[in-house]
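Here's the letter readout for the chains.
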Amino acid sequence: MGQYFTGRTELMPAPRIKNNLNDFKSRFKTVVKPTLYEATIFGNGWSKAKELSGVQELGPIGSDADKTFIINCEVASFPGEAMSTQPNRIYGPVREMVYEKLFSGDLQLTFRMDEKMFLRKVFSAWQGFIQSADSGDFEYYSNFVSTIELYQYPTRQAQGMQGEGPALAPEGLDKPIYGVRINEVYPKSVGAIELGYEQKDTYMKQTVDFAFRNWEEIPADEF
């Protein structure tokens with residue numbers, strides 16, 4: 001005989017968790033710092049964009065383009081997700097029934113501009129690869145998408161050390177505590193860069209909005 005949902009829930013006893021300062025301090029050694037992250041990129045689109053941007057002419061920066069991306073990624077975010085629902089009423093109050101999973105919006109990354117503006121060149125070349133300026137033809141989707149991975153690192157206090165871990169953790173020092181893999185990304189929008197004499201005390205930044213299909217958490221055994 002099949003089961004059905006009655007809408008009733010079991011009553012749970014009142015919580016009996018200790019609520020004192022010492023217990024709180026013993027459970028929460030430190031907090032996660034949003035400054036301790038790392039963004040990496042790889043895949044067909046990124047590789048082709050580096051090739052088309054004249055990366056070979058950029059000397060040390062060009063020979064280490066992936067690290068240029070990592071070091072200069074100044075602002076990033078872990079993407080969100082949501083559920084699409086629709087009301088379903090048979091009898092009584094309405095139930096919201098899930099029919100689709102949504103991956104919210106685009107992924108926006110902000111970069112400090114490197115000394116030869118390689119990053120702007122490579123993202124522009126990437127968009128030029130997606131659609132030819134001469135013919136207007138579009139490249140095959142699988143040829144221009146790539147993958148971005150974002151990692152969160154722990155503070156060193158959590159490991160009994162002094163200070164904070166760097167955004168680029170030295171080999172063998174820190175392992176990420178969380179990571180996401182963002183699939184089928186490409187630069188949907190390369191933002192404008194404002195120029196002006198009044199900006200002499202700041203530095204140039206490049207914002208890029210990446211379209212993506214979905215994202216997934218990276219298993220801890222892959223860190």
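Residues numbered from 1 in each chain as written. Predicted model: local features only at pLDDT ≥ 70, side-chain atom pairs only at ≥ 80, totals over all residues. Heavy atoms only, no water.

1. Considerations on the overall build of the protein chain
Then comes step 1: A tally of regular secondary structure across the protein chain gives 6 helices and 9 strands.
Then comes step 2: With 223 residues in all, the protein chain has 32% of them scored as buried.
Then comes step 3: For the protein chain, the proportion of contacts with a sequence separation of at least 24, taken over those separated by at least 6, is 74%. (Helix = DSSP H or I, 4+ residues; strand = E, 2+ residues; numbered from the N terminus. Buried < 20%, exposed > 50% of the residue type's maximum accessible area, 1.4 Å probe, protein only. Contact = heavy atoms within 4.5 Å.)

2. As for helix α2 (residues 44-52)
Then comes step 1: Buried within α2 are the following residues: G45, W46, A49 and K50. Down the axis of α2, the buried side of the element spans an arc of 135°, and every buried residue falls inside it.
Then comes step 2: Buried residues in α2 make contact with β1 (37-42), α4 (65-72), α5 (118-130), α6 (141-144) and β6 (146-152).
Then comes step 3: Immediately beyond the C-terminal end of α2, within one or two residues, lies G54, with a positive phi of roughly 75°. (Arc of directions from axis to C-beta.)

3. Overview of the confidence of the model for the protein chain
Then comes step 1: When pLDDT is averaged along the protein chain, the result is 81, and 75% of the positions lie at 70 or above.
Then comes step 2: The least confident element of the protein chain, judged by mean pLDDT, is helix α3 (residues 59-63) at 48; the most confident is β6 at 96.
Then comes step 3: Predicted confidence is poor over residues 157-172, with pLDDT under 50, and the contacts of this stretch with residues over four places away or in other chains come to 31 contacts. (pLDDT = per-residue confidence, 0-100.)

4. Overview of the environment of Y186
Then comes step 1: Among the secondary structure elements, Y186 is positioned in strand β7 (residues 178-190).
Then comes step 2: Overall, Y186 belongs to the partly exposed group, its relative accessible area being 23%.
Then comes step 3: Residues Y186 and F144 lie 42 residues apart in sequence; the distance between their C-alpha atoms is 6.9 Å.
Then comes step 4: If sequence neighbours within four positions are ignored, Y186 has contacts with W126, I130, Y141, F144, V145, D209, F210 and A211.

5. A short note on the packing of aromatic side chains
Then comes step 1: Tallied over the full model, the rule gives 11 aromatic pairs.
Then comes step 2: Their ring planes at 85° and their centres at 5.1 Å tell us that F78 and Y178 sit as a pair that is edge-to-face. With a gap of 100 residues between them, F78 in the loop between β2 (73-75) and β3 (81-88) and Y178 in strand β7 connect regions that are remote in the sequence.
Then comes step 3: In this structure F78 comes out as partly exposed when scored by relative accessible area, which is 36%.
Then comes step 4: Among the aromatic residues, ring-to-ring pairing joins W46, F69, F111, F123, W126 and F210 into one connected group. (Phe/Tyr/Trp six-rings, centres within 6.5 Å; stacked < 30°, edge-to-face > 60°.)

6. Things to note about the pattern of salt bridges
Then comes step 1: All chains considered together, the criterion is met by 9 salt bridges.
Then comes step 2: Note that E216 and R181 form a salt bridge whose closest N and O atoms lie 3.7 Å from each other. Remark: R181 occurs in strand β7 and E216 occurs in strand β9 (residues 214-217); sequence separation between them is 35 residues.
Then comes step 3: Shared partners join several salt bridges into a network, and the residues in it are E149, R181, E216 and E222. (Salt bridge = Lys/Arg side-chain N within 4 Å of Asp/Glu carboxyl O.)

7. Some words on the nonpolar core
Then comes step 1: Counting 30 residues, the largest nonpolar core has F123, W126, I148, I182 and F210 as its most contacted members.
Then comes step 2: When residues of this core are traced back to their parent elements, those giving at least two are β1, α2, α4, β5 (107-112), α5, β6, β7 and β8 (205-211).
Then comes step 3: What I182 contacts, discounting residues up to four positions off in sequence, is P79, L107, S146, T147, I148, L150, F212, N214 and W215. (Core = buried A, V, L, I, M, F, W, Y, C linked by side-chain atoms within 4.5 Å.)

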